[in-house]
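# An overview of the molecular structure
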Amino acid sequence: MIKHCNGRRLIKALSASNDWLASKMEVVNNLNVFPVPDGDTGFNMSLTLKAAVEAMKELKDRDLSSIAKEVGTSSVMASRGCSGVILSQFLVGLAKGLEGKKRVEAKELAQAFFKGAEAAYGGVREPVEGTMLTVAKESARRALEIAKEESDIAKILRETHKEAQEVLEKTPEMLPVLKDAGVVDAGGAGFVYILEGVLRLIEGKPLEEISKVEVTVAKTINTWRSILVGIRGGELKDIKEVETIAAKTIQAAKEKLSRLPLQKLKNATGIRRVVGTWEKVLGIIQKRGLLDIKAVRSTAQRAVDTWERELKYKYCTEFLIKGKDLVLKEIENELARHGDCAIVVGSSELAKCHIHTNEPDKVKAYAATLGEVDKVKIDDMDKQHQTLLMEKEVGEAVKVKELGIVAVSTGEGLSKILKSMGVDEILGGPKKLKPSVEDISKAIEKMEAKNVILLPNDGDIIPAAEKAKELSKKRVEVIPAKSIPQGLAALMDYNPEGSIEENKESMSQALGRIKTGQVAKAARIAKYKELKIRKGEVIGLYHKEIKVKGRKPQRVALDLIKEMVAEGDSIVTLYYGKGARKRKANKLLNQVKEKYPNLEVQLYFGGQPHYYYIISVE
Amino acid sequence: MTKIGIVTGSVAGIPSPLIKEYGIRVIPFPIILGREALRDGMDIQPKEFLEKVKKSKEFPKTAALPIGELAEAYEAFMKEGKAVLSMHMSSGLSIATHDSAQKAKEMVSEVEVEIFDTEQIIGGIQLVILEAARAIRKGKSKEEVLKVARKARENTNLLRALPDLEYLYRGGRIGKAKVLMGSLMKVIPIIAAKNVITPVGKGRSPTQANEKMVGTIKSDMESRGAKGIKCIIEHADNEEAAGELKRMVEERFHPEEITLRETGCCGIVHTGPQSWGIAYLIK
C-alpha cells in the first residue's frame, strides 16, 4: 500500500518511466504514422524525458515541489518533436499541481495528474483526438474518479494504466489514418509506457526488456503493397487466394525457422518479421470481416496511402526579404494563411521565409510589398516518405517519363548491369541477331518517355540507330558507343533529371575516356600484320585490332591488358563471358590486381557469347 | 560599437585551434547510436566514432541542437558584452537546426541575436564562418560582417564522394540524389550540397571521383570568373582519396588556403565512413 508521494519517490518513479520508455523506444518509433510518418516519436519522447530525469537527479533540493518544477522546466528545454513538446507540457502541468507541496496523498496526486493532462491540451493549437492527448486526458479522468474513494496510490495507478491502455487500443477508431495503417497512436503508446514504468517499479518487475521482433509499420505496409500489386496484376482474384498466399508464406517461413540451428534462431529477425506481418495482415482481413477481393483491395490501398499521402501543399517555397522594420511574426502569420509549415526567421532587415503552399506566386507578391525579395527557391516537393523509399519500387505505377534509354546488349549479365545504370529497355541478347532499324524503332515508340537516348554499344549498329532516330517523331539522340564498356562509361554521366541535350553532351564526352579490348577464339586461320593465327587460337583485340595471341584466354587477357594500360589510367574492368569459367575469371582478377597494385580492378559477369572477356581500361 | 560573438553547431567540424583562435562557441549535436546518446566532439571523436559505427548493427542518427545550450551560449556572449551571430547549417537540409536557434533566441529575448543561414553543410559552414570571424576581428560593424558572410555563402560550394549512400538515405536527406542509388557496378556517387542535395555524377574509382570533382570546380570557377579559391578537404577515414584530391586541387588551382582534415562525427552520420570531399570558396 502506497499512501503518499514525496520528492524521493517522484525521482524513483520518473526514473523508472524513463528506463522503461527507453527500452520501448523502437516499439514506439515503429508505430509512428501521424502527423508525419517519420518514425521518431519514441526517440523524441525518450530523449525529452531523459533530459528531465537527468536534471532532476542533479538537483540538491529534494522536496517534491522543487523536483517537479525542475522536471517541467528542463523537459521544455529539451523537448523534441511534436510528441516531446506535448509530454513536456504535461510535466509542466503536473509540476503546477504539486507546487508548494512536500508530500501528497492519492487525491492530490490524481489532481496534479489531471492538471498535467489539461496543460498538454492547452499547449497544442489544434488538439487532435486519438493521440497522446486523449490517452492522457481519459486516464487522468479515471485517476480522479478512483481517488475519490481509494487511497492506495499503487491501486489507482494500476487502474489508470489499465484505462490508458484501453483508450490507446481505441485510438485507431478516433484517428482514421491509424486504422488504415493498422497501428495505435505512437505518442499514446509512449504515454502508456511512462505509466507502466512506474507500475513495474512498484511491482518489482525489470525495467528493461529485450524487445521481441516487432512487426514494423513499414514492413506491414509493404505486405499490403505486394497484395495490392497481386490484385492489380490479376494474380490474386479472390479473397481465398489472398488467404492461401498468406498461409503459404507463413508456413514456408515457419518451416525455414524450424530448420535453423539454435544459435542462428536468435538473429532470424527477417524471417520472423515475415511471419509477423503476414499474420497481422491476415488477422486484419479476418477481424474486419472483409468479404471479397474488392474490400481487401481498398483496405490494402488505404494502408499504402497512409505512407504515400497526397501532400496538401505542393510547393516548398523559400526566399529572403531585405527591408526595413520587418515584423517577423506578422510575416509568419500572413504566410500561414497560404499554407502550412510557415517559418520566418531573421532580423528586422532580413527575413528568411519558408512555407509549404500551393500559391507560391501570391506569397512572393506579398513579400515584394515588404522589401526586396531575393533567393527565391520553389521546390515541387517529392511525396516520398524517406523511410520507405528503398522498398517502394514494387507498386509504383508506370508514368510517362521525360527521358528514357534504349541500349543494345549481348549478354544477360551485361543487360543487368546496363539496367541498374538507368537503361529502360534492352535490345538484343546472346542468341539474338543484331537489332534492325525496325527493332530499334519499335523500342523507341514503345517506351513511355517523350525523349529517348539510344546506346548502340556496337560500331555496326550505329547506322541503324541513326536511321531509327530519323524515322521517329519523338526526340531521339544517338550516343555513338562502339562497345558495351563505352556505353557503360556514358551511363556514368547520365542524369535522368537533366535534359536530353545536356545528357547527349556529357554522355558523348564520356566515350573518349575509355579503352575497350576483347579476348576471343579465332574462327579461322588468319594473318594479321606479323601475327599468324591458327584456327582455335585465342586472340586479344584492342580497338578491333589483333594485338596478342596465345592458347589460354587468361594469359591472353593479361597480355592484352599490358598493351592497353597507360599512364593516368585508374580502373581495369573485366566482364567474363559464357565461354569463361567463374573460377578462372576470379584467378585472372587476382593476377591483374597483383600486377597493377595501384589500379582499381573489378570483375563482373557479362554472359556475352563469342568473347571470353571484354576488358576496359580507363 | 557592439562586439560580436559567433555561435554554431558542431556539424561544421571546425578544428579546435580555430575555435579557440576566434572564440567561437560550438554547440555539440547529440548523436544517437543504438541506445547511446553522445555529444559530438565532447563524448566522442571521429576515429572512435567510426570504430563504433563499424561495430554497431544500427545506423547512427543525429538529434536537433539542444535549445537550452544554444540559449546559454547566447547569454554567455551577452555577459561579455557581445551581440550574437548564430551561424548554422543549411535550413534547406535541416530546418530543425534553424528552429532550435529561433526558439533559443526567443528564450533569451534580451540578447541581440542574428540567426544566419549559411546554406552549407560541414566544411562549407566552416568556410563561411571563418570569413565572418575574420571580418569581426577586423572590427567591422554587424552589417558589414553580415555582408561578408552573405557573399561568402553565395560563393561557397561543397562536393562530396559517398561510397555508401545508405547514410545519406537514412538521414532522410537524399532528395534528388536517389537517382544515384542501386547500381550493380561499384560506383562512387558524388553529390553537391547547398540548400539541397543534387547529384553531380559518379566515379568508378577514387581517382575518377576526384577528377569529376575537380572538373566541377573548374567549370564553376570559370562561370564565376574566379580569381582564386580557398578550400577545405575533409574525409571520414579515407586520407588516401582526400590526399589525392588535395594534390590535384593544389596543382590545378593553386588555392590561397587549403587544409586537409577529418570530418566531424555529425558529418559522418550523414555521409558515412570512407566518404570524402571538398568545400571551396570562390574569390
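I will try to describe carefully the structure that is included in this document. These numbers come from a predicted model, not from an experiment.

Cut-offs applied
- Positions within a chain are numbered from 1, following the residues in the order the chain's sequence is written.
- Following the order in which they are written, the chains are lettered starting with A and the ligands numbered starting with 1.
- Per-residue local features of the predicted model are confined to residues with pLDDT of at least 70, and side-chain atom pairs are confined, for both listing and counting, to 80 or more; whole-chain, interface and lining totals are unaffected and use all residues.
- Only hydrogens and water are set aside; all other atoms, that is, all heavy atoms of the structure, feed into the side-chain values.
- Helix numbering and strand numbering both begin at the N terminus, where a helix is a DSSP run of H or I of at least 4 residues and a strand a DSSP run of E of at least 2.
- Put simply, the radius of gyration uses C-alpha atoms, and a globule should come to 2.2 Å times the residue count raised to 0.38.
- Relative accessibility decides the category of a residue: with a 1.4 Å probe and only protein chains considered, values under 20% of the type maximum give buried, values over 50% give exposed, and everything between is partly exposed.
- Whether two residues are in contact is decided by their heavy atoms, any of which lying within 4.5 Å being enough.
- Each accessible area value is a Shrake-Rupley result obtained with a 1.4 Å probe; residue values ignore everything except the protein chains displayed when judging cover.
- Paired rings are identified among Phe, Tyr and Trp, the last through its six-membered ring, by centres lying within 6.5 Å, and are further divided according to the angle between planes into stacked (under 30 degrees), edge-to-face (over 60) and tilted (the rest).
- By definition here, charges over rings are those cases where NZ of Lys or CZ of Arg is within 6 Å of the ring centre and within 35 degrees of the ring normal.
- An expected span of 1.5 Å times one less than the residue number is assigned to each helix.
- Only buried Ala, Val, Leu, Ile, Met, Phe, Trp, Tyr and Cys residues count toward a nonpolar core, and they belong to the same one when joined by side-chain atoms within 4.5 Å.
- Bear in mind that the domain bounds are from an automatic or database domain assignment.
- Under the rule applied, a polar contact is a pair of N or O atoms within 3.5 Å (in protein, one hydrogen donor and one hydrogen acceptor; residues adjacent in sequence only if both atoms are side-chain atoms).

## Things to note about the overall build of chain B
For chain B, the count of helices and strands is 10 helices and 13 strands. For 283 residues, the compact-globule estimate of 2.2 N^0.38 gives 19 Å, and the C-alpha radius of gyration of chain B, at 18 Å, lies within 12% of that figure. Buried positions account for 58% of the 283 residues belonging to chain B. Considering only residue pairs separated by 6 or more positions, chain B has 75% of its internal contacts joining residues 24 or more positions apart. Of the accessible surface of chain B, which amounts to about 11200 Å², a share of 50% is contributed by carbon and sulfur atoms.

## Here's the deal with the packing of aromatic side chains
Within this structure, the stated rule accounts for seven aromatic pairs over all chains. The interplanar angle of 80° and the centroid separation of 5.4 Å between the aromatic rings of Phe90 of chain A and Phe113 of chain A together place this pair among those described as edge-to-face. Pair noted here: Phe90 of chain A is in helix H5 (residues 81–98) and Phe113 of chain A is in helix H6 (residues 106–122), with a separation of 23 residues, a long-range link. A cation over an aromatic ring shows up here: Arg200 of chain A above the ring of Trp20 of chain A, its NZ or CZ 4.0 Å from the ring centre. Positioned above the aromatic ring of Phe43 of chain A, the side-chain terminus of Lys61 of chain B is 4.6 Å from the ring centre.

## Quick word on helix H3 (residues 41–58) of chain A
Given a rise of 1.5 Å per residue, 18 residues ought to cover 26 Å, and the 26 Å separating the end C-alpha atoms of H3 of chain A matches this to within 8%. Among all positions of H3 of chain A, only Thr41, Gly42, Phe43, Asn44, Met45, Ser46, Leu47, Thr48, Leu49, Ala52, Val53 and Met56 of chain A are buried.

## Considerations on the nonpolar core
Within the largest apolar cluster, 92 residues are counted, with the highest numbers of intra-cluster contacts made by Leu10, Leu98, Phe191, Trp224, Ile227, Ile285 and Val296 of chain A. The element that contributes the greatest number of residues to this core is helix H10 (residues 186–202) of chain A, accounting for nine residues. A domain split of this core shows at least three residues from each of domain 1 (4–202) and domain 2 (217–307) of chain A. Of all hydrophobic cores here, the second largest spans 55 residues; its members include Val7, Tyr22, Leu65 and Ala149 of chain B.

## Brief notes about the environment of Arg62 of chain A
All names here are of chain A. Along the chain, Arg62 turns up in the loop between H3 and helix H4 (64–78). With 55 residues separating them in the primary sequence, Arg62 and Gly7 have C-alpha atoms 5.6 Å apart. Those residues within four positions of Arg62 in sequence are excluded, and the remaining contacts are Gly7, Arg8, Ile11, Lys57 and Ile67. Polar contacts involving the side chain of Arg62 include one to the main-chain carbonyl oxygen of Lys57, which spans 2.9 Å.

Treat this as a map of the structure, not an account of what it does.
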